[in-house]
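Coordinate analysis (summary)
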Amino acid sequence: MTQKFEPRLALVEDDTVLRDSLMDCFQLSEFPAHAVGSAREFYQLLVHEEIDIAIIDIGLPDEDGFSIARFLRQNLPATGVIMLTARGTAADRVKGHEDGADIYLVKPVEYDELEAAIHSLTRRLAMTAQADSGEGEGPSAELWELDKTEFRVTAPNGNSFGLTNKETRLAVALVQAVGQVVSRTDLLKTLGYFDDEAGQRSLNAVIVRLRAKAEMETGMGLPIQAIRGQGYVLRDMVCRD
């Protein structure tokens, strides 16, 4: 039986009045949601929580919403992105979509419109997750390489980066089942975490750090994909002893 897809939201908005008002609406709509007021707080949130849809203001105090959208597209491509901003020019809309926004809404917006956008994006994410749960495509000609004895990953462009012990154990577990979904339960066991809230947060943190490290050191997004309700799948990587 297909499980209902319940989106977990993150609201990135520095206007405290609007942020509190929207959080009240999310609660009434029974959307699990977190609210933060800056890009830094959002990145910290990603270490501890899995997010399905990010609702992002552009004008933030430390980093604009466009760069957050780019980060999500590069590192967490399965995450839905809704821009909610006062910047409504055609150029802003184009940039928003080019940088990764799925939906671009201009303030002021009625909550009914935002809720409809969330439901629409949720349906698209659910269909994508369902499609991804089937057999993946064949391997790419350009492969990542994991050296498990040197604790190192090399990207197709030749750039490489080192891994911590836990990152290596995670990568080995995924590459040994390359192209197949590895359950979160199995990954928790691999890393020595309990299957509880703390363990889930720790697993999320390892994956987010690994993705961020790959992006920073190689300029490429690591091909790890979250499969909703199942686990993670790694594509296009080989292992060298």
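Residues numbered from 1 in each chain as written. Predicted model: local features only at pLDDT ≥ 70, side-chain atom pairs only at ≥ 80, totals over all residues. Heavy atoms only, no water.

**Overview of the overall build of the protein**
Tallying secondary structure elements over the protein gives eight helices and 12 strands in all. Its C-alpha atoms give the protein a radius of gyration of 18 Å, near enough to 18 Å, the size a compact globule of 241 residues would have. Considered along the principal axes of its C-alpha atoms, the protein spans approximately 55 × 40 × 30 Å. Intrachain contacts of the protein at a sequence separation of at least 6 include 60% that bridge at least 24 residues. Surface summary for the protein: the accessible area is close to 12200 Å², and the carbon and sulfur share equals 49%. (Helix = DSSP H or I, 4+ residues; strand = E, 2+ residues; numbered from the N terminus. Rg over C-alpha atoms; globule rule 2.2 N^0.38 Å. Contact = heavy atoms within 4.5 Å. Areas by Shrake-Rupley, 256 points an atom, 1.4 Å probe, with all protein chains shown as cover.)

**Notes on the side chain of arginine 19**
Of note, arginine 19 is situated in helix α1 (residues 16-28). Aspartate 20 is the oppositely charged side chain nearest to the buried, salt-bridge-free arginine 19, at an N-O distance of 4.6 Å. With sequence-adjacent residues up to four places away left out, arginine 19 is seen in contact with Leu11, Glu13, Asp14, Ala35, Val36 and Gly37. (Buried < 20%, exposed > 50% of the residue type's maximum accessible area, 1.4 Å probe, protein only. Lys, Arg positive; Asp, Glu negative; His and termini not counted. Salt bridge = Lys/Arg side-chain N within 4 Å of Asp/Glu carboxyl O.)

**So, the pattern of salt bridges**
For the structure on display, the rule yields 10 salt bridges. Two residues, arginine 184 and glutamate 50, come together in a salt bridge whose shortest N-O distance is 2.9 Å. Linking arginine 184 in helix α7 (residues 184-191) with glutamate 50 in the loop between α2 (39-48) and β3 (53-56), this pair joins segments that are 134 residues apart in sequence. Comparing arginine 184 with glutamate 50 shows no difference in burial state: the two are buried. The partner of glutamate 197 in a salt bridge is arginine 201, with the nearest N and O atoms 3.0 Å apart. With a gap of four residues between them, glutamate 197 and arginine 201 both fall in helix α8 (residues 197-218), about one helical turn apart.

**Considering the packing of helix α6 (residues 165-175) against α7**
Taken N-terminus to C-terminus, the directions of α6 and α7 make an angle of 140 degrees; their axes are 9 Å apart at the nearest point. In terms of axis orientation, α6 runs oblique to α7. The two elements α6 and α7 cross, and the hand of that crossing is right-handed. Every residue of α7 that contacts α6 at Lys166, Arg169, Leu170, Ala173 and Leu174 is listed here: Leu187, Thr190 and Leu191. Counted by class, the contact of α6 with α7 contains five nonpolar, one polar and two charged residues. (Axes fitted to C-alpha atoms, helices over the stretch in contact; angles between N-to-C directions. Parallel < 35°, antiparallel > 145°, perpendicular 65-115°, else oblique. Left-handed = near helix turned anticlockwise from the far one by under 90°. Nonpolar A, V, L, I, M, F, W, Y, C, P; charged D, E, K, R; others polar.)

**So, the sheet that holds strand β7 (residues 152-154)**
Spatially, β8-β7-β6-β12 is the arrangement adopted by the four strands of the open sheet, whose pairing is mixed. The sheet terminates laterally at β8 (160-162) and β12 (237-240), the two strands that pair on one side only. In this sheet, neighbouring strand axes are inclined to one another by 20 degrees on average, regardless of whether the strands run parallel or antiparallel. When strand β6 (residues 144-147) meets β7, the two strands line up antiparallel, connected through three bridges. Across the sheet, aspartate 147 pairs through a bridge with arginine 152, a residue of β7. Of the strands in this sheet, β6 and β8 touch α8, which is tilted by about 135 degrees from β8. (Pairing = 2+ DSSP bridges.)

**What about the nonpolar core?**
In this structure, Trp144, Leu146, Leu170, Leu174, Leu187 and Met237 are the most contacted members of the largest nonpolar core, which totals 27 residues. Contributing elements (two or more residues each) for this core: β6, α6, α7, α8 and β11 (231-234). Take this core: its biggest share by element is six residues, from α6. If we ignore the near neighbours within four places in the chain, the residues touching leucine 187 are Leu170, Ala173, Leu174, Val182, Leu203 and Tyr232. (Core = buried A, V, L, I, M, F, W, Y, C linked by side-chain atoms within 4.5 Å.)

**A few points about the sheet that holds strand β9 (residues 181-183)**
Sheet architecture is open: three strands sit in the order β9-β11-β10, paired in antiparallel fashion. The open sheet has two edge strands, β9 and β10 (224-227), and neither has a second partner. Strand-to-strand twist of the sheet, defined as the mean angle between neighbouring strand axes without regard to direction, takes the value 30 degrees. Pairing between β10 and β11: four bridges, direction antiparallel. Bridge assignment links isoleucine 224 to a residue of β11, and that residue is leucine 234. Across the sheet, α6 is in contact with β9, β10 and β11; its angle to β11 comes to roughly 75 degrees.

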